[in-house]
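Here is what each chain is made of, one letter per residue.
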Amino acid sequence: MKKWKFQKAVKLYIQEETTIRILFEDGKTKEYDIKNVFDRFPEYKCLEDRALFKKAHLLGSGGVGWTPDIDLSVDTIYYEGKDVESEEDALQYIIGFKVKQERLKKELSQEEFSKLTGVDQSSISKLEKGQFNSSIKQLEKILKPLGKHLEINIK
């Protein structure tokens, strides 16, 4: 039996038909066709309805949900899904996700964090949503109050 490590989903992309793509915190992107669970969970066949399928959303960082009764662990997607190339904006989402995690660990609101960093709250919000492309200098400024530093590894 394979031992799974809990994976954290950063961004969900809805693909064609019943396929989703998820960007994970470790930088990997996986694609998964929900039809793969229809044999195990026949009630999930309702996701063939494209309108319902498009309602997919991340449940925190540990699952994908459609209705209160229909959800899927991101671990299933990570370990059973197909590796695919990450989207161009993947790094922005991963950085934003990690900054938000660290901010929340310190129990800081975005406004409090903004005051500590000297970066306006709207920029912090955009960064955490993966919608802000920061300079290295600004990222270092943001990471300092979190007790973190930027490390670049070119392989």
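**Observations regarding the nonpolar core**
Note on soluble globular proteins: their nonpolar side chains tend to be buried together.
Then step 1. Ile 20, Ile 22, Ile 34, Leu 47, Val 64, Trp 66 and Ile 77 are the most contacted members of the largest nonpolar core, which has 21 residues in total.
Then step 2. Secondary structure elements with two or more residues in this core: strand S1 (9–14), strand S2 (19–24), helix H1 (50–53), strand S5 (63–67), strand S6 (70–73) and helix H2 (74–80).
Then step 3. Grouped together as the second largest cluster of nonpolar side chains are 10 residues, Val 99, Leu 108, Ile 124 and Leu 127 included.

**A few points about the sheet that holds S6**
Then step 1. Taking strand neighbours across the sheet as the criterion, the three strands line up as S4-S5-S6 in an open arrangement whose pairing is antiparallel. Strands at the two margins of the open sheet, each flanked by one partner only, are strand S4 (57–59) and S6. Across the sheet, the axes of successive neighbouring strands diverge by a mean angle of 35°, strand direction being ignored.
Then step 2. Judged from the four bridges that link them, S5 and S6 form a sheet pairing that is antiparallel. Following the sheet pairing, Gly 65 is matched in S6 by Asp 71.

**Looking at the packing of helix H4 (residues 110–117) against helix H5 (residues 121–128)**
Then step 1. Contact geometry for H4 and H5: axes closest at 8 Å, N-to-C directions at 110°. Considered as vectors, H4 and H5 are oriented roughly perpendicular to each other. Here the hand of the crossing between H4 and H5 comes out right-handed. Contacts between H4 and H5 involve Gln 110, Glu 111, Phe 113, Ser 114 and Thr 117 from the former and Gln 121, Ile 124, Ser 125 and Glu 128 from the latter.
Then step 2. Each residue belonging to the contact of H4 with H5 can be placed in one class, and the counts come to two nonpolar, five polar and two charged.

**Some remarks on the pattern of salt bridges**
Then step 1. Tallied over the entire structure, the rule returns seven salt bridges.
Then step 2. Lys 30 is the partner of Asp 83 in a salt bridge, and the nearest nitrogen-oxygen pair spans 2.7 Å. Of this pair, Asp 83 sits in strand S7 (residues 82–84) while Lys 30 sits in strand S3 (residues 29–33), and the two are 53 residues apart along the sequence.
Then step 3. A relative accessible area of 52% means that Asp 83 is categorised as exposed.
Then step 4. Relative accessible area serves as the criterion here: at 7%, Lys 30 is assigned to the buried category.
Then step 5. In this structure, the salt-bridge partner of Arg 103 is Glu 128, at a minimum N-O distance of 2.6 Å. Taken as a pair, Arg 103 in helix H3 (residues 90–105) and Glu 128 in helix H5 lie far apart in primary sequence, 25 residues in all.

**Observations regarding the pairing of S5**
On a regular strand, one side chain projects to one face of the sheet and the next to the other, so that they alternate.
Then step 1. Within S5, four of the five residues are buried, which leaves it mostly tucked inside the rest of the structure.
Then step 2. Direction of pairing for S4 relative to S5: antiparallel, over a ladder of three bridges. Residue pairing across strands places Leu 58 opposite Val 64, the latter belonging to S5.
Then step 3. The hairpin formed by S5 and S6 contains two residues between the paired strands.

Definitions and cut-offs
- Residues numbered from 1 in each chain as written.
- Predicted model: local features only at pLDDT ≥ 70, side-chain atom pairs only at ≥ 80, totals over all residues.
- Heavy atoms only, no water.
- Core = buried A, V, L, I, M, F, W, Y, C linked by side-chain atoms within 4.5 Å.
- Buried < 20%, exposed > 50% of the residue type's maximum accessible area, 1.4 Å probe, protein only.
- Helix = DSSP H or I, 4+ residues; strand = E, 2+ residues; numbered from the N terminus.
- Pairing = 2+ DSSP bridges.
- Axes fitted to C-alpha atoms, helices over the stretch in contact; angles between N-to-C directions.
- Parallel < 35°, antiparallel > 145°, perpendicular 65-115°, else oblique.
- Left-handed = near helix turned anticlockwise from the far one by under 90°.
- Contact = heavy atoms within 4.5 Å.
- Nonpolar A, V, L, I, M, F, W, Y, C, P; charged D, E, K, R; others polar.
- Salt bridge = Lys/Arg side-chain N within 4 Å of Asp/Glu carboxyl O.

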